[in-house]
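Structural overview
Residue-level listing of the chains:
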Amino acid sequence: MLIGYARTSTTEQVNGLEAQREALKAIGCDRLYDEQTSATGPRKALSEALGYVREGDVLVVTKLDRLARSVVHLGEIVEGLEAKSVGLRILDLGLDTTTATGKLMLNVLGSVAQFEREMMLERQRDGIAKAKAQGKYKGRKPTAQAKKAEVVAMLAEGKSKRDVARALGISERSVYRVA
């Protein structure tokens, strides 16, 4: 049985998620799991897919970065799949771990993907540092601080911190910080 998994990082990436679903359906996935969540956060659909797969199944993803956040994480996923005698197929790479060559290529490509991500993050940090030095980078606007007077007034009226947060469109934690 082919089990598909699709993921995008944000809810704005609806087209990307739909494209992944279509690709997974096109190759004959019998069951699809999908979600819109950051790779670093909890991924309920991935956990469900990994819990569902059985011996002889193949977990299918469109891209390697949709599945794992790092080489270590990829290794953990592959190890769990291998323990269940489940294969992994990555469509855009034409990779299938049910073959020895596929397993080798997965490890090599996982290492390259992690290196690429680390380089991107390093360039991002360098760019932010340069912009800060030039006075061009100020960070995100302090939304909660701008609403401090409203927070204080609503709390004085006896409203709960949760209600204040909802009413003003800020997090409950921000209400605690401002109050």
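Residues numbered from 1 in each chain as written. Predicted model: local features only at pLDDT ≥ 70, side-chain atom pairs only at ≥ 80, totals over all residues. Heavy atoms only, no water.

Describing the side chain of D57
Mapped onto the elements of the fold, D57 is located in the loop between α2 (44-52) and β3 (58-61). Buried charge without a partner: D57 forms no salt bridge, and the closest opposite charge is R54, 6.3 Å away. If we skip the residues at most four places from it in the chain, D57 touches M1, I3, S85, V86 and G87. (Helix = DSSP H or I, 4+ residues; strand = E, 2+ residues; numbered from the N terminus. Buried < 20%, exposed > 50% of the residue type's maximum accessible area, 1.4 Å probe, protein only. Lys, Arg positive; Asp, Glu negative; His and termini not counted. Salt bridge = Lys/Arg side-chain N within 4 Å of Asp/Glu carboxyl O. Contact = heavy atoms within 4.5 Å.)

Observations regarding the pattern of salt bridges
This structure, assessed with the given rule, holds five salt bridges. With a closest N to O distance of 2.9 Å, E18 and R21 form a salt bridge. On the criterion of helical spacing, the pair formed by E18 and R21 is a turn pair, its members being three residues apart in helix α1 (residues 14-26). For E18, a relative accessible area of 29% translates into the label partly exposed. Given the relative accessible area of 22%, R21 is considered partly exposed.

A few points about the packing of aromatic side chains
Counted according to the given criterion, the structure contains one aromatic pair. Each ring, one from Y33 and one from Y52, has its centre 6.1 Å from the other, and the planes form 50°; the classification is tilted. Here Y33, found in strand β2 (residues 31-36), pairs with Y52, found in helix α2; they are 19 residues apart in sequence, far enough to count as distant. For Y33, a relative accessible area of 9% translates into the label buried. Between the NZ or CZ atom of R31 and the centre of the ring of Y52, over which it lies, the distance is 4.2 Å. (Phe/Tyr/Trp six-rings, centres within 6.5 Å; stacked < 30°, edge-to-face > 60°. Lys NZ or Arg CZ within 6 Å of the ring centre and 35° of its normal.)

Re the packing of helix α3 (residues 71-83) against helix α4 (residues 100-133)
Between α3 and α4, the shortest axis-to-axis distance is 9 Å and the interhelical angle comes to 155°. In terms of orientation, α3 lies roughly antiparallel with respect to α4. In this structure, α3 crosses over α4, and the sense of that crossing is right-handed. Together, V71, V72, L74, V78 and E82 of α3 and K103, L106, G110, S111 and Q114 of α4 make up the contact between the two elements. For the contact of α3 with α4, the residue count by class is five nonpolar, three polar and two charged. (Axes fitted to C-alpha atoms, helices over the stretch in contact; angles between N-to-C directions. Parallel < 35°, antiparallel > 145°, perpendicular 65-115°, else oblique. Left-handed = near helix turned anticlockwise from the far one by under 90°. Nonpolar A, V, L, I, M, F, W, Y, C, P; charged D, E, K, R; others polar.)

Description of the confidence of the model for the chain
Per-residue confidence for the chain gives a mean pLDDT of 89, with 99% of residues at or over 70. Predicted confidence in the chain is weakest over helix α5 (residues 143-146), with a mean pLDDT of 82, and strongest over β3, with 96. (pLDDT = per-residue confidence, 0-100.)

Section: the pairing of strand β1 (residues 2-8)
Burial runs high along β1: seven of the seven residues are buried. Residues L2, G4, A6 and T8 point to one face of β1 and I3, Y5 and R7 to the other, with burial holding for every one of them. Across three bridges, the pairing between β1 and β3 is parallel. What sits directly across from L2, in β3, is V58. Judged from the six bridges that link them, β1 and β2 form a sheet pairing that is parallel. When the bridges of β2 are listed, G4 appears paired with L32. (Pairing = 2+ DSSP bridges.)

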